[in-house]
Structures are given as structure tokens and as C-alpha cells.
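One-letter residues, chain by chain:
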Amino acid sequence: AQSVTQLDSQVPVFEEAPVELRCNYSSSVSVYLFWYVQYPNQGLQLLLKYLSGSTLVKGINGFEAEFNKSQTSFHLRKPSVHISDTAEYFCAVMPTGGGNKLTFGTGTQLKVEL
Amino acid sequence: DTGVSQDPRHKITKRGQNVTFRCDPISEHNRLYWYRQTLGQGPEFLTYFQNEAQLEKSRLLSDRFSAERPKGSFSTLEIQRTEQGDSAMYLCASSWGQETQYFGPGTRLLVL
């Protein structure tokens, strides 16, 4: 079984400041890792994913994440946030060996303030 | 390029009533997933189909829940004898094989 921990339920940040949203996971098998974003009353949109290769992954809207296998982490970063980045962010994992379901964390609400 | 669509977007029902939701996946995708998201939580897997075959069901999917994908295209999720605890956002996603899952806008259910 897999589990995902997003320790920060809310992260307030000023516009143009950098931000890091933390994600740690637990799994007995190898996993793929994902970050999704959810705007109010909408479904989830994929920000980025790690399948293999370089541990630094770049996604849409200027976000990037780094996979750290030894620390079982996949933290999301953006060097300069915008008001439009205000949303809920979910980290998720999926087993590489034929598993099909995504296991999500509880989410981090990013609130960008002027 | 049309994405995943879900209907209705919102549903209010009284306890004990039956409800049915529909999901239309991206046309070339062979896999379709249902997730449930309650307030303040991440989505939780309910079930998934490969073409018309339902291949996995979560323990969360009680006997009151049934999902179908009769022709391997759209899918329906029915909840019988709804309970207040069924109030949630029901999300549908589709993918080609084990590739990225693309999510629809969700159906928000409120059981009074």
C-alpha cells in the first residue's frame, strides 16, 4: 500500500515570493509521482510528473519538483508566485508495476497575497 | 481536443433517493476511473475500467454503489439509497493505459 503526506495544509505567501510545498510518501514498491492543482469548483489539472530519469522535473506554469528517493520526498517549488497560483495542490503516487490507482495526499492550500 | 466531461455538475438529493452520474472520457482513452473527494481531503480511488471491464473496486465502494461502462466509452456511477455520508465531489478521470490520468470537472453531490 502507498501513502502520501502533505504536512502543510495551508501555505500563505506574498506575490513574487518563492514557495515550496512539501510532499513525502511511503511505499513498499517503486512509484511514479505526480503533482496536480485544483482551482475552486474544478477538477484536477496535472502540473508535473516524475516517471524516471532526471530527478528534477519541470512542469507547467513555472513549477518544478525534485524527486529524492532517499528521503522519499517530491517537493514542489516555484521561484516567484502569482495571484493566479492560488489553488489547492495535491501530491499523488502510483505504483510502477502495473498499479492503476492514484493515491493522493490531503492537499495544500496555497494562498498568494498582494 | 475535448477533455473529460461529467454530468451533472451539481446534484442535490434527499436521503434515500437514488442518483446517477455520467462521465464521458477523452475519446481515445481506454481506461476510466472514478474517485471521491470529501471536503478537505484528497481524492480517493473508487473503481476503474479498462474498456468495458471493471477491473478493480475499492473497499470504499459499498453495495449501494454500482458503476458501468457498457460499450467501453462513457461510464455511469449510481448510488442507491443515498446517505448524508455520500455527500462529496465525484471525480472521473481517463487515461491511455497507465499514462497520465486526466480529470473531469467533477459532480458535486449534496444529500439532505
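Provided above is the structure to which this section pertains.
What counts, and where the lines are drawn
Residues numbered from 1 in each chain as written. Chains lettered and ligands numbered in written order. Predicted model: local features only at pLDDT ≥ 70, side-chain atom pairs only at ≥ 80, totals over all residues. Heavy atoms only, no water. Helix = DSSP H or I, 4+ residues; strand = E, 2+ residues; numbered from the N terminus. Rg over C-alpha atoms; globule rule 2.2 N^0.38 Å. Buried < 20%, exposed > 50% of the residue type's maximum accessible area, 1.4 Å probe, protein only. Contact = heavy atoms within 4.5 Å. Lys, Arg positive; Asp, Glu negative; His and termini not counted. Charge placed at Lys NZ, Arg CZ, Asp CG, Glu CD. Pairing = 2+ DSSP bridges. Axes fitted to C-alpha atoms, helices over the stretch in contact; angles between N-to-C directions. Buried area = accessible area lost by both parts, 1.4 Å probe. Salt bridge = Lys/Arg side-chain N within 4 Å of Asp/Glu carboxyl O. Nonpolar A, V, L, I, M, F, W, Y, C, P; charged D, E, K, R; others polar.

(A) Quick look at the overall build of chain B. On a plain count of helices and strands, chain B comes out with zero helices and 11 strands. Overall, chain B shows an N-to-C arrangement of helices and strands of β-β-β-β-β-β-β-β-β-β-β. Computed over C-alpha atoms, the radius of gyration of chain B comes to 13 Å, within 12% of the 13 Å expected from 2.2 N^0.38 for 112 residues, which places it in the range of a compact globule. Here the C-alpha coordinates of chain B stretch approximately 35 × 25 × 25 Å along the principal axes. Here chain B holds 112 residues, and the buried ones make up 49% of them. Considering only contacts in chain B between residues 6 or more positions apart, those separated by 24 or more positions represent 53%. Between the mean site of the 14 positive side-chain charges and the mean site of the 13 negative ones, chain B shows a separation of 7 Å.

(B) Just the environment of Tyr89 of chain A, in detail. Residues and elements named next belong to chain A. Relative to the elements of secondary structure, Tyr89 occurs in strand E10 (residues 87-95). Tyr89 gets classed as buried once you look at its relative accessible area, which sits at 0%. For the pair Tyr89 and Leu114, spaced 25 residues apart in sequence, the C-alpha separation works out to 20 Å. Residue contacts for Tyr89: discarding those within four places in its chain leaves Gln6, Leu21, Trp35, Tyr36, Val37, Leu47, Phe63, Leu76, Gly107, Thr108 and Leu110.

(C) Representation of the sheet that holds strand E1 (residues 5-7) of chain B within the structure. Residues and elements named next belong to chain B. One open sheet accounts for four strands, arranged E1-E3-E8-E7; its pairing is antiparallel. Each edge of the open sheet carries a strand with a single partner, namely E1 and strand E7 (65-68). Strand-to-strand twist of the sheet, defined as the mean angle between neighbouring strand axes without regard to direction, takes the value 15°. With three bridges connecting them, E1 and strand E3 (residues 19-24) associate as antiparallel partners. Residue pairing in the sheet places Ser5 in a bridge with Asp24 of E3.

(D) Representation of the pairing of E3 of chain B. Residue and element names in this part refer to chain B. Here E3 shows one buried face, formed by Val19, Phe21 and Cys23, and one open face, formed by Thr20, Arg22 and Asp24. In the sheet, E3 pairs with strand E8 (residues 75-79) via five bridges, with the strands oriented antiparallel. By the bridge assignment, Phe21 is partnered in E8 with Leu77.

(E) Up close: the interface of chain B and chain A. Counting from both sides, the interface comprises 20 residues of chain B and, opposite them, 21 residues of chain A. Buried area between chain B and chain A, both sides added, is near 1600 Å², and the carbon and sulfur share of it is 50%. The largest per-residue losses of area from chain B upon contact with chain A belong to Gln98, Thr100 and Phe103 of chain B, which jointly make up 32% of the total buried on that side. Linking chain B with chain A are zero salt bridges. The leading source of residues in the side of chain B that touches chain A is strand E4 (residues 31-37) of chain B, at four residues. Class assignment of the residues belonging to the side of chain B that touches chain A gives a composition of eight nonpolar, eight polar and four charged.

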